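Reading the structure
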Amino acid sequence: MSRAKRKLDHIDHALATGQSRDSGFDDIVFVHNSLPDSSVEEIDYSSKIGELSISSPIFINAMTGGGGKKTEEINGALSAAAARYGMAVAVGSQMAAVKDPSERSTYEVVRKVNPKGLIFANLGSEATPDQAQQAVDMIEADAIQIHLNVIQELVMPEGDRDFTGALGRIEQIIRKVDVPVIVKETGFGMDTHTVAKLEGIGVTAIDIGGYGGTNFSRIENARRSRTLDMFNSWGIPSAASIAEGCSGSEAASILGSGGIQNALDAAKAIALGASAAGMAGTILSAYTEKGEEGLEEELKALHLELKWIMCALGAATVTDLQQVPLILSGPTHHWLTERGIS
Ligand code: FNR
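Residues numbered from 1 in each chain as written. Predicted model: local features only at pLDDT ≥ 70, side-chain atom pairs only at ≥ 80, totals over all residues. Heavy atoms only, no water.

Looking at the overall build of the protein chain
For clarity, the cut-off: Working definition: helices are DSSP H or I runs of at least four residues, strands are E runs of at least two. Numbering for both runs from the N terminus. Computation of the radius of gyration draws on C-alpha atoms alone. For the globule rule, the value is 2.2 Å times the number of residues to the power 0.38. Relative accessibility decides the category of a residue: with a 1.4 Å probe and only protein chains considered, values under 20% of the type maximum give buried, values over 50% give exposed, and everything between is partly exposed. We call two residues contacting when some pair of their heavy atoms lies within 4.5 Å.
When helices and strands are tallied, the protein chain shows 14 helices and twelve strands. Over its C-alpha trace the protein chain gives a radius of gyration of 19 Å, about what one expects of a compact globule, namely 20 Å for 342 residues. With respect to the three principal axes, the spread of C-alpha positions in the protein chain is 60 × 40 × 40 Å. By the burial criterion, 56% of the 342 residues in the protein chain qualify as buried. Counting contacts in the protein chain only where the partners sit at least 6 residues apart, residues at least 24 apart contribute 75% of the total.

Focus: the side chain of D207
Rules: Throughout this description, a polar contact denotes any pair of N or O atoms lying within 3.5 Å of each other; where both atoms belong to protein, one of them has to be capable of donating a hydrogen while the other can accept it, and for residues adjacent in sequence the pair is counted only when both atoms sit in side chains.
Relative to the assigned elements, D207 resides in strand β9 (residues 205–207). Reaching out from D207, the side chain makes a polar contact with the backbone nitrogen of G209 at a distance of 3.0 Å. Aside from chain neighbours lying at most four places away, what touches D207 is F59, N61, I182, V183, K184, E185, M190, L255, G256 and S257.

Quick word on the UniProt feature "binding site: substrate" (unreviewed entry) in the protein chain
The cut-off we apply is this: UniProt positions are given in the numbering used here, feature names are shortened, and annotations may be inferred rather than shown by experiment.
What UniProt calls "binding site: substrate" (unreviewed entry) maps, in this numbering, to R6, K7 and Q152. These annotated residues cover 147 residues of sequence, but their C-alpha atoms sit close together, with the largest distance between any two at 13.4 Å. Among the secondary structure elements, R6 is positioned in helix α1 (residues 3–17). The exposure class assigned to R6 is buried, which follows from its relative accessible area of 16%. When you line up the elements, Q152 lands in helix α6 (residues 150–155).

Some thoughts on the UniProt feature "domain: FMN-dependent dehydrogenase" (unreviewed entry) in the protein chain
Residues annotated in UniProt with the feature "domain: FMN-dependent dehydrogenase" (unreviewed entry) correspond here to residues 168–323. For residues 168–323, the helix share is 52%, the strand share is 11%, and the end-to-end C-alpha distance is 35 Å.

Some points on the packing of aromatic side chains
To describe a pair of aromatic rings, one takes the distance between the centres and the angle between the planes. The condition is simple: Here a pair means two rings of Phe, Tyr or Trp (six-membered ring of Trp) with centres within 6.5 Å. Their orientation is stacked below 30 degrees between planes, edge-to-face above 60, and tilted elsewhere. Here, a charge over a ring is recorded when the distance from Lys NZ or Arg CZ to the ring centre is within 6 Å and its angle to the ring normal is within 35 degrees.
Under the defined criterion, the tally for this structure stands at two aromatic pairs. Summarising the aromatic geometry, the rings of F231 and W234 are spaced 4.9 Å apart at their centres and angled 75° between planes, so their arrangement reads as edge-to-face. Accessibility expressed as a relative area gives 44% for W234, which makes it partly exposed. Above the ring of Y45, the side-chain terminus of K307 is found at 5.2 Å from the ring centroid.

What to know about the site of the ligand
Defined as follows: It suffices for a single heavy atom of a residue to lie within 4 Å of a molecule or strand for the residue to be listed as near it. Accessible areas in this description were obtained via Shrake-Rupley with a 1.4 Å probe; residue shielding takes into account the shown protein chains only. Residues were grouped as follows: Ala, Val, Leu, Ile, Met, Phe, Trp, Tyr, Cys and Pro as nonpolar; Asp, Glu, Lys and Arg as charged; and all remaining residues, including Gly, as polar.
The local shell around the ligand holds 23 residues, among which A62, S93, T214, G259 and G281 are the closest. Here A62 contributes a backbone N or O atom positioned 2.7 Å from an oxygen atom of the ligand. Measuring from an oxygen atom of the ligand, one finds a backbone N or O atom of G281 at 2.8 Å. Protein chains bury 96% of the 600 Å² of accessible surface belonging to the ligand in isolation. Residues belonging to the shell around the ligand are distributed by class as follows: eight nonpolar, 13 polar and two charged.

Considering the nonpolar core
Generally speaking, a soluble globular protein has its nonpolar side chains buried in company with each other. Keep this limit in mind: The term nonpolar core refers to a set of buried residues drawn from Ala, Val, Leu, Ile, Met, Phe, Trp, Tyr and Cys, joined through side-chain atoms within 4.5 Å.
In this structure, L123, I144 and L321 are the most contacted members of the largest nonpolar core, which totals 79 residues. In terms of residue count, the dominant contributor to this core is helix α12 (residues 281–313) (eleven residues). Counting residues in each nonpolar core, the second largest holds 14 residues, with F59, A88, I182 and L255 among its members.

Focus on the pattern of salt bridges
Here is the rule we go by: Just to be clear on terms, a salt bridge is a Lys or Arg side-chain nitrogen sitting within 4 Å of an Asp or Glu carboxyl oxygen.
Going through the model one piece at a time under the given rule, you end up with 13 salt bridges. Put simply, E296 and R84 hold a salt bridge, and the shortest N to O gap is 2.8 Å. You can see E296 sitting in helix α12 and its partner R84 sitting in helix α2 (residues 69–84), a full 212 residues away along the chain. Take E296: its relative accessible area is 23%, and that puts it in the partly exposed class. The partner of R175 in a salt bridge is E171, and the shortest N-O contact between them spans 3.3 Å. Taken together, the positions of R175 and E171, both in helix α7 (residues 166–176) and four residues apart, correspond to about one turn of that helix. A relative accessible area of 67% means that R175 is categorised as exposed. Three or more residues are tied together by salt bridges with common partners; here these are D9, E158, E220 and R223.

Looking at the packing of helix α8 (residues 192–200) against helix α10 (residues 238–248)
Selection criterion: The convention used is that axes are lines fitted to C-alpha atoms, helices contributing only their stretch in contact, and that angles between N-to-C directions extend from 0 to 180 degrees. Orientation labels follow simple angle bins: below 35 degrees gives roughly parallel, above 145 gives roughly antiparallel, 65 to 115 gives roughly perpendicular, and whatever is left gives oblique. Crossings are assigned a handedness: left-handed for a near helix turned anticlockwise from the far helix by less than a right angle, right-handed for a clockwise turn.
One can describe the packing of α8 onto α10 by two numbers: an axis separation of 7 Å at closest approach and a directional angle of 45°. Comparing the axis directions of α8 and α10 gives the class oblique. Where α8 crosses over α10, the two elements pack in a sense that is right-handed. For the pair α8 and α10, contact is made by T192, V195, A196 and E199 and by E244, G245, S247 and G248, respectively. Looking at the contact of α8 with α10 residue by residue, the classes come out as two nonpolar, four polar and two charged.

Here we look at α12
Condition: In this analysis, the expected span of each helix is defined as 1.5 Å times one less than the number of residues it contains. Bend angle per residue: angle between axes fitted to the 7 residues ending at that residue and the 7 residues starting there.
Given a rise of 1.5 Å per residue, 33 residues ought to cover 48 Å, yet the end C-alpha atoms of α12 are separated by just 27 Å, more than 12% below that figure. At K290, α12 is deflected by roughly 135°, the largest bend along its length.

Concerning the side chain of S241
By secondary structure assignment, the location of S241 is in helix α10. The class for S241 is buried, based on a relative accessible area of 0%. Residues within four places of S241 in sequence aside, it is in contact with G189, M190, I208 and I236.

In structure tokens form, the structure reads like this:
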């Protein structure tokens, strides 16, 4: 199967498979504050991803690229909308365009419609340092995401089977490229040790990309005749993974993603310690189901509702939100207790 066809398949299967609600965010409750001493007008939700300043703490995570006109249209729409809300936006894996320049337009459109916004390039950890710099240059990216996707590759019939040396390659990419490197998972989460190893080689922003939203095991299984069901419920749920990540990092920004479907999930991700929250599947569905207007409505509501939540909690800034009290129950409480993470 061609790479372009696979990209389109991913979009269709992601939309058909949808998002589960196994991210663990429903195990978290905020403690109501009757005297928040706050005003919606004064909420400042600007934040940081490593050294990069972001005016919205919600970013659009990597999705499409390659695949021709359809992905070009989606990428253009997402990037233009991101620009209007001051959101950073990531492109999907650029390996197709690094190998074949005729594929570049589906990525370049992201910069064309959004000349000043924060845009993240994206490649897998198999990339060489030169390929990483090419991906950055292609879209004048402000940072590059390097994705880790062992489970997706294993379930993909034509996927990789050798995952040795990824940490060393990421270290070389950091040395070579002239923008920050964000390492991200793709829906299976990261634990304390993975985050500590990444920080140890100089990664300053880590997106734990947890389990419980878009599920690439299910998506790839939908393309197989003999399915690998054991990987369908495999992974660290996002809520637990954000807490794992924060306990494994000293100074790196931890980004929360995987199953963030609304402003409340994003607020909980930040309250667990994330400096920003990434959304992929929910944003893609909003656009494909309701078009540009639907996407606009979704992003507007997300930002307004996040302000209202922060106001209700008396959290005027992202730093305040990271410190509000939380009640954890269910599997997330159990996970963190077992792992000795408070
Ligand atoms: C993705 N994702 C992804 N991630 C990545 O690093 N490179 C990529 O090329 C892609 N491609 C891709 C295509 C489609 C159609 C979807 C829906 C997603 C993964 C994405 O960035 C994110 O990590 C997961 O989707 C989990 O987040 P959500 O969807 O639960 O918010």
